[in-house]
Amino acid sequence: MSLAQVHYTSAAPGDEATAGRFTAVGPGVSGALLAEIEPLLRHELPDGVADRPSDGELRSLPQPFTYAALSDGSRLVSRSAPVRDTAGGAGPGVRFHAHAVHLPPGVPLPGDRLPVEAWRSPHWVAVTPDGAIPDPLALPPGPTAVSEGLDDFAVSRGPWLAAVLADLRRASGPKEPGGRPVVLVERQCADVARWLGLASVTLPRECAERLTFTTYTRRPGSSAMRVVGMLPEDAEAARAAGLRVHVCTGQAPSGGGTDDVWAATAARVWRSRSPELFREARGLPGEPFAAGPLAVTALCAGITLGPDGRAAAAGWAADRPYALDAKRTGQLVEALTAPGIDDRTGPEFDAAGRLFGALEGRCPASVTAPLAAMLVTEAVRGGNGSLELPHRDAFVGPEGAEVAERLAPEILTELGDRAGPRSVARTVQLLRVARLLGVDGTDTLPGVVDRLAPALLAEAEEEPGAGAEGLPGFAPALLELLDEQFEVRTALLGALDRLAPEDPGAVARFLERVALPFTGTQALPHLRMCAEVPGAMATLGGDRAAVWHRVLRAAGLSPFAEPLVLRTAVGLVWEDRAPTVEEARLLLDAATSDSHRAAGTWARLVDAALGASAAEPPATGTPVGPSPASTDEAAALAHDLLRGFPGEIGGRERAGLLLLDLVRELRTGAPEPGWAETVRTLCAQADPVEPALRERAHTALVERLLAPDRPGAELYDFVHGDDAELIAAYDRTARTETVRTRLRTQPAYAADCFTVWTAHPHAGRTWPPVAAALLDEVLRPAVRAMSAEDVAEVEATVGRTGSSGRADAFRAWNRVSTLGRLGRRIAGRVRRG
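Rules used throughout
- Residues numbered from 1 in each chain as written.
- Predicted model: local features only at pLDDT ≥ 70, side-chain atom pairs only at ≥ 80, totals over all residues.
- Heavy atoms only, no water.
- Phe/Tyr/Trp six-rings, centres within 6.5 Å; stacked < 30°, edge-to-face > 60°.
- Helix = DSSP H or I, 4+ residues; strand = E, 2+ residues; numbered from the N terminus.
- Buried < 20%, exposed > 50% of the residue type's maximum accessible area, 1.4 Å probe, protein only.
- Lys NZ or Arg CZ within 6 Å of the ring centre and 35° of its normal.
- Core = buried A, V, L, I, M, F, W, Y, C linked by side-chain atoms within 4.5 Å.
- Contact = heavy atoms within 4.5 Å.
- Axes fitted to C-alpha atoms, helices over the stretch in contact; angles between N-to-C directions.
- Parallel < 35°, antiparallel > 145°, perpendicular 65-115°, else oblique.
- Left-handed = near helix turned anticlockwise from the far one by under 90°.
- Pairing = 2+ DSSP bridges.
- Nonpolar A, V, L, I, M, F, W, Y, C, P; charged D, E, K, R; others polar.
- Expected span 1.5 Å × (residues − 1).
- Disulfide = S-S within 2.5 Å.
- Lys, Arg positive; Asp, Glu negative; His and termini not counted.
- Salt bridge = Lys/Arg side-chain N within 4 Å of Asp/Glu carboxyl O.
- Polar contact = N/O pair within 3.5 Å; in protein donor to acceptor, adjacent residues only side chain to side chain.

1. Regarding the packing of aromatic side chains
With the rule as written, the count across this model stands at 14 aromatic pairs. Both rings, one in F754 and one in F810, keep their centres 5.1 Å apart while their planes meet at 85°; by these two values the pair is edge-to-face. Placement of the pair is F754 in helix α34 (residues 747-759) and F810 in helix α37 (residues 804-832), with a sequence separation of 56 residues. As far as burial versus exposure is concerned, F754 and F810 are alike and both buried. Counting every residue linked through ring pairs, the aromatic cluster contains F65, Y67, W124 and F213. Directly above the aromatic system of F289 lies the positively charged group of R169, at a separation of 5.4 Å from the ring centroid.

And the structure:
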């Protein structure tokens, strides 16, 4: 069909009296379309154009070439040429003549060409013709002029190539760019057209057709095109408008250009002058702009790519192992494993490992052997612990022997170095490679597992964000290692079992996250206990004694035969706290003192005794007499610990236990003489002693000194010791309700207290005021409440146990009390009268 042509002549710059006008319009182009087309055909001249340019200057002016999409779905292809203004005027004598072709909706270009191919059509004219002229879009068959010299142009624009192609790809997407065109800055419109020629070859057909463009404008911000060309002098204004600007003249950019792997690969293909590879790559499966197909095609053609391109090729081929024939598979492997490459990255090796796994068993071993050699070499020399290693039968012929001979010394040296390897992943990788290559590491294995076992626990604890249900990063490779190598599994499990008594909690947490295979014939009592404790805790809850019994049974050994199981069990159940007294008694009775001594668990029992004594301080008002049952048990435990571990318990812990044992003896037995001095000495030796334990010892001492059967010598030493803390404790206990009740109901006890509280008037500075206060504030109210017969009995008892002078003193003391009572009664009666 014949396409409608349009001719338009713009107004001359500075000539306000003359307007642009359409000089010829083909059939089918409505007035509404002309109104939409006219802004696309108007152009501004560059600054500094001469008033009357020469022919050469006229030819050097921009010749905009435009491809635009119109609102009704039709399209417009036009070329504008500067022409001399023969009508004259005030401004430069130059105007633009636009020659355009209108394409109705759905009508392709003749010959199914792309718009940019008409750039150099010989049928564009710069004047309005008198009659019909050939269609500029009707080009002869074969390559068009736009394809000529694209290779040379691409090489000359090498520094900008990848970044521009990446932006042209984005601009060719299904969505409109929203008035934000890609700006290409060149000195000649022809070079902008060449960029679009590169895009037409590089991009898929449907994407290239979406690229609307103009090769020259001075107002890119208001352009509806996806790609616009500009002259260098206008570039700064485009940058200020926030547009994506590529200045493809002058000094090359210093950066890498783009992180778009497809664009970077496409740039290498152009620089290698191999544009035919784009069509070949589009024949491979994958997304239109996936880097893998193009990278595979380039590598198979011998084009050198960077690490990202090689990784993309290996990853694509790993996902589609049947997409390539045997020849291209061999070419790809050869390119990926070329010996001169020294910039391989972790992602590239990971992709190569996946490719090896995909090809193994599908291709001859001679094809995959170079990949296997590269992977194991990287595993040893590069430290890449995430690599998927090949199987032992990956090598055939001399390849395996050559790699083993080259790498074995390095593997053994690093494994044998006591300062390394530095990480679990690295150690596991080296052990797996050693087995893969048949390297004998028997001599180094004991030292390796002794370093590996604590490293497992440390790295598992330090790895962030992986709770009890999350695997550490090294776990999959570790489990594969243990599955592959029986001797390593046996040695490592043994090392962990030996380590467990030192930190059973860490081992239990590790086993909860990493299910190590220890279901075989190895005893491994400590590992079995560590694996048992989570289930026991969940089932038995807070019954720690029951948990302890269950965990101990899981060991399969008696603590008499293997004392260290005691340490492991105690560490698992009471990891961060001391046992209670009842639990400590259970532990003490479960094994001999020799077993606890060998296991070191006696220290936990000491903590239990001292902790119980400090956790339950006696409250004010505690009755004189037996202390609570738990305190008695703690004191009894302290007594047994002192007998069972005389050589182990020392320092302040021994003094604290002796103090607790003295409390027991003060309440139930007959301790050695010198009670008060013993309490003071033991408190000093146990310093810093827990305040509650100190108070309990003081209370036990003064309770015994307030008892009717206390030895006089002990009371004398106590009074004359002038210890303010002990005397204050005595004062507090004497004021309790228990003592007051005994004073009111037992005349003999009241007589004894009167004798004590009046017998030492000059015993230091602390005792006399306390004794006087007890006489007035404790004993006097008790005697006042007695019957006359009880008072007489008190007086008689004072006389019998002391002297007649002491009895006289009591009568005089009591008379003062009686007169005071009588005086108060008389005063009351006088007030009532």
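2. Re the nonpolar core
Core analysis: the biggest nonpolar cluster contains 223 residues, and F718 and W757 have the highest contact counts within it. Sort the elements by how many residues they give to this core and helix α35 (residues 767-784) lands first, with nine residues. F718 has contacts with A676, V702, L705, L726, I727, Y730 and W767, leaving out every residue within four places of it along the chain. In terms of nonpolar packing, the next biggest core, distinct from the first, is built from 12 residues, L33, L41, L76 and A98 among them.

3. Comments concerning the packing of helix α11 (residues 307-319) against helix α13 (residues 346-359)
Contact pair α11 / α13: the axes reach a minimum separation of 8 Å and the direction vectors enclose 25°. Put simply, α11 runs roughly parallel to α13. The interaxial crossing formed by α11 with α13 has left-handed handedness. On α13, the residues touching P307, R310, A311, A314, G315, A317, A318 and D319 of α11 are P347, E348, A351, A352, R354, L355 and A358.

4. Brief notes about the sheet that holds strand β4 (residues 75-84)
One open sheet holds the nine strands; their spatial order is β2-β1-β5-β4-β3-β7-β8-β6-β9, and the pairing between them is mixed. Here the strands that pair on one side only, and so sit at the sheet edges, are β2 (21-25) and β9 (244-247). Bridge analysis of strand β6 (residues 182-185) against strand β8 (residues 227-230) gives four bridges, and the strand direction is parallel. The residue bridging V185 from the neighbouring strand is M230, located in β8.

5. Examining the environment of A759
Mapped onto the secondary structure, A759 falls in helix α34. Measuring from C-alpha to C-alpha, the distance between A759 and S54 comes to 138 Å, with 705 residues separating the pair along the chain.

6. Describing the packing of helix α19 (residues 486-499) against helix α21 (residues 525-540)
Look at α19 against α21: their axes get within 7 Å of each other, and the N-to-C directions meet at 75°. By the criterion of interaxial angle, the relationship of α19 to α21 is roughly perpendicular. Facing α19, whose interface residues are L493, L496 and D497, α21 presents P525, H526 and L527. Of the residues belonging to the contact of α19 with α21, the class tally is four nonpolar, one polar and one charged.

7. Notes on helix α30 (residues 691-705)
Across its 15 residues, α30 extends 21 Å between first and last C-alpha, which sits within 8% of the 21 Å expected from 1.5 Å per residue. Judged by how many residues are buried, α30 sits mostly within the fold: 12 of 15 residues are covered. Buried residues of α30: A692, L693, R696, A697, H698, T699, A700, L701, V702, E703, R704 and L705, and no others.

8. A few points about the state of the cysteines
Applying the stated criterion to the full structure yields zero disulfides. The structure places no disulfide on C300, whose sulfur is separated from the nearest cysteine sulfur, that of C363, by 12 Å. Owing to a relative accessible area of 15%, C300 belongs among the buried residues under this scheme.

9. Quick word on the pairing of strand β5 (residues 94-103)
The buried fraction of β5 amounts to 10 of the 10 residues, a majority that puts the element mostly inside the structure. Along β5, one buried face is formed by V94, F96, A98, A100 and H102 and the opposite face, lined by R95, H97, H99, V101 and L103, is buried too.

10. What about the side chain of R489?
Relative to the helices and strands, R489 resides in helix α19. No salt bridge forms around the buried R489; measuring N to O, its nearest opposite-charge neighbour D483 is 5.5 Å away. Engagement of the side chain of R489 in a polar contact is seen with the backbone oxygen of L482, the distance being 2.6 Å. In this structure, R489 is in contact with L482, D483, P517 and Q522, ignoring residues within four places of it in sequence.

11. Comments concerning α11
Under the 1.5 Å per step criterion, the end-to-end length of α11 is 18 Å for 13 residues, consistent within 8% with the ideal 18 Å. Among the 13 residues in α11, 10 count as buried, and that is most of the element. P307, G309, R310, A311, A313, A314, G315, W316, A317 and A318 are the residues of α11 that are buried. Those residues of α11 hidden inside the fold are in contact with α8 (261-271), α10 (291-300), α12 (326-336) and α13.

12. Description of the pairing of strand β1 (residues 4-9)
By the criterion of burial, β1 is predominantly enclosed, with six of the six residues buried. Here β1 shows two buried faces, one formed by A4, V6 and Y8 and the other by Q5, H7 and T9. Pairing analysis gives six bridges linking β1 to β5, with the strands arranged antiparallel. Paired with V6 across the strands is A100, a residue of β5. With four bridges connecting them, β1 and β2 associate as antiparallel partners. For H7, the partnering residue across the bridge sits in β2 and is A24.

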